[in-house]
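# Structure at a glance
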Amino acid sequence: MTKKRKKYYTVWRGNETGVFDNWKDCSKAVEGYKGAIYKSFPEEGLAWDAFEGNYADYVGHDKKEKPHLSAEALKAAGKPIMDSISVDAACNSKTGLMEYRGVDTKSGAEFFRMGPFEEGSNNIGEFLAIVHALSWCQKHNFGWPVYTDSNTALAWVRNKKARTKVTPTTKNRRLFELLHRAEQWLQNNTPSNKLLKWNTEAWGEIPADFGRK
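Residues numbered from 1 in each chain as written. Predicted model: local features only at pLDDT ≥ 70, side-chain atom pairs only at ≥ 80, totals over all residues. Heavy atoms only, no water.

## Thoughts on the packing of aromatic side chains
A complete count under the given rule lists 14 aromatic pairs for this structure. Measuring from centroid to centroid gives 5.4 Å for Trp-136 and Phe-142, while their planes differ by 90°, and the two rings are edge-to-face. For Phe-142, a relative accessible area of 25% translates into the label partly exposed. Seen from their ring centres, Tyr-147 and Trp-203 are 5.9 Å apart, and the 85° between their planes marks the pair as edge-to-face. With Tyr-147 in strand β7 (residues 146-148) and Trp-203 in helix α7 (residues 200-203), the pair connects residues that are 56 residues apart, well separated along the chain. Seen from the ring of Phe-41, Lys-39 lies directly overhead, with NZ or CZ sitting 5.9 Å from the centre. (Phe/Tyr/Trp six-rings, centres within 6.5 Å; stacked < 30°, edge-to-face > 60°. Buried < 20%, exposed > 50% of the residue type's maximum accessible area, 1.4 Å probe, protein only. Helix = DSSP H or I, 4+ residues; strand = E, 2+ residues; numbered from the N terminus. Lys NZ or Arg CZ within 6 Å of the ring centre and 35° of its normal.)

## Considering the nonpolar core
Grouped together as the largest cluster of nonpolar side chains are 30 residues, with contacts concentrated most on Val-87, Tyr-100, Ile-124, Phe-127 and Leu-128. Considering each element in turn, this core owes the most residues, 10 residues, to helix α4 (residues 122-139). Apart from residues lying up to four places away in sequence, Val-87 is in contact with Arg-101, Gly-102, Phe-112, Glu-126, Ala-129, Ile-130, Ala-133, Val-146, Tyr-147, Thr-148, Ile-206 and Ala-208. Tyr-8, Trp-12, Val-19 and Ala-50 belong to the second-largest nonpolar core, a separate cluster that totals 9 residues. (Core = buried A, V, L, I, M, F, W, Y, C linked by side-chain atoms within 4.5 Å. Contact = heavy atoms within 4.5 Å.)

## Thoughts on the pairing of strand β6 (residues 110-117)
Judged from the 5 bridges that link them, strand β5 (residues 98-104) and β6 form a sheet pairing that is antiparallel. Considered in β6, the bridge of Arg-101 is made with Arg-113. Taking the residues between adjacent antiparallel strands as the criterion, β5 and β6 are bridged by 5 residues, where Gly-108 takes a positive phi near 85°. (Pairing = 2+ DSSP bridges.)

## Considerations on the sheet that holds strand β1 (residues 8-13)
What the 3 strands build is an open sheet, ordered β2-β1-β3; its pairing is antiparallel. Among the strands making up the open sheet, the edge pair consists of β2 (18-20) and β3 (37-41). With strand direction ignored, the average angle separating the axes of adjacent strands in the sheet is 25°. Here 3 bridges tie β1 to β2, and the two strands are oriented antiparallel to one another. Across the sheet, residue Val-11 finds its bridge partner in β2, namely Gly-18. (Axes fitted to C-alpha atoms, helices over the stretch in contact; angles between N-to-C directions.)

## A word on helix α5 (residues 151-159)
Listed in full, the buried residues belonging to α5 are Thr-152, Ala-153, Leu-154, Trp-156 and Val-157. The elements touched by buried residues of α5 are α2 (44-52), α4, β7, α6 (173-188) and β8 (195-197). A positive backbone phi angle near 55° is found at Lys-160, which sits one or two residues after α5.

## Some words on unusual backbone geometry
Cis peptide bonds are those with omega within 30 degrees of zero, and the linkage from Gly-115 to Pro-116 qualifies with 10°. Along the chain, Pro-116 turns up in strand β6. For Lys-160, which is not a glycine, the phi torsion comes out positive at approximately 55°. In this fold, Lys-160 is placed in the loop between α5 and α6. Of the residues examined, Lys-160 reaches a relative accessible area of 32% and is grouped as partly exposed.

## Structural notes on the packing of α4 against α5
Viewed as axis vectors pointing N to C, α4 and α5 meet at an angle of 55°, and their least axial separation amounts to 8 Å. Put simply, α4 runs oblique to α5. Regarding α4 and α5, the two cross each other, and that crossing is right-handed. Every residue of α5 that contacts α4 at Asn-123, Ile-124, Glu-126, Phe-127, Ile-130 and Val-131 is listed here: Thr-152, Ala-153, Leu-154, Trp-156 and Val-157. Class assignment of the residues belonging to the contact of α4 with α5 gives a composition of 8 nonpolar, 2 polar and 1 charged. (Parallel < 35°, antiparallel > 145°, perpendicular 65-115°, else oblique. Left-handed = near helix turned anticlockwise from the far one by under 90°. Nonpolar A, V, L, I, M, F, W, Y, C, P; charged D, E, K, R; others polar.)

## As for the environment of Lys-161
Inspection of the secondary structure assignment puts Lys-161 in the loop between α5 and α6. Once the C-alpha coordinates of Lys-161 and Lys-34 are considered, the two residues, 127 residues apart in sequence, prove to be 30 Å apart.

As structure tokens, then:
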């Protein structure tokens with residue numbers, strides 16, 4: 001008999017919000033709550049990333065399945081700008097260790113790599129990676145655009161605020177110091193580099209991907 005795969009449940013709106021590792025607790029969190037918004041995920045890390053993000057990016061979408069793009073859609077997507085920087089983050093859902101990096105989109109050569117940091121999240125890493133890339137470009141007078149595959153991180157950068165729901169602790173104190181510095185940098189600087197969304201459906205994984213999916 002095939003063992004049933006464990007699910008994790010993200011509740012954005014309910015009697016209680018957060019991530020639950022069983023349906024019983026999730027049902028209590030949403031039962032009787034008008035307009036409750038929740039969704040299941042196959043991995044705890046994915047569930048927490050979704051909780052930090054905008055529920056509209058997840059509800060009604062299967063994040064595991066990618067639609068097949070037609071030849072017309074691929075043509076419309078075009079090609080990525082190869083003279084650019086790609087950033088990405090990776091967070092281990094079991095250990096909570098997070099790291100991020102920025103690479104040359106064309107060659108994959110690393111420009112920078114930070115971490116691992118304790119008790120982080122993918123969204124935090126994606127945000128820090130973008131800001132790190134922008135500040136790195138400013139320091140080196142580099143005009144290349146910066147690619148990310150994270151809509152959440154792009155929104156945080158636009159708002160100049162990391163709206164993370166990760167709780168500060170003694171273990172991730174350094175990480176929150178970096179978040180504060182990144183927010184301050186965005187408040188005090190106007191980078192000229194373009195921020196671009198990587199089209200994973202058309203181009204595959206972003207070159208900075210850690211290959212741990």
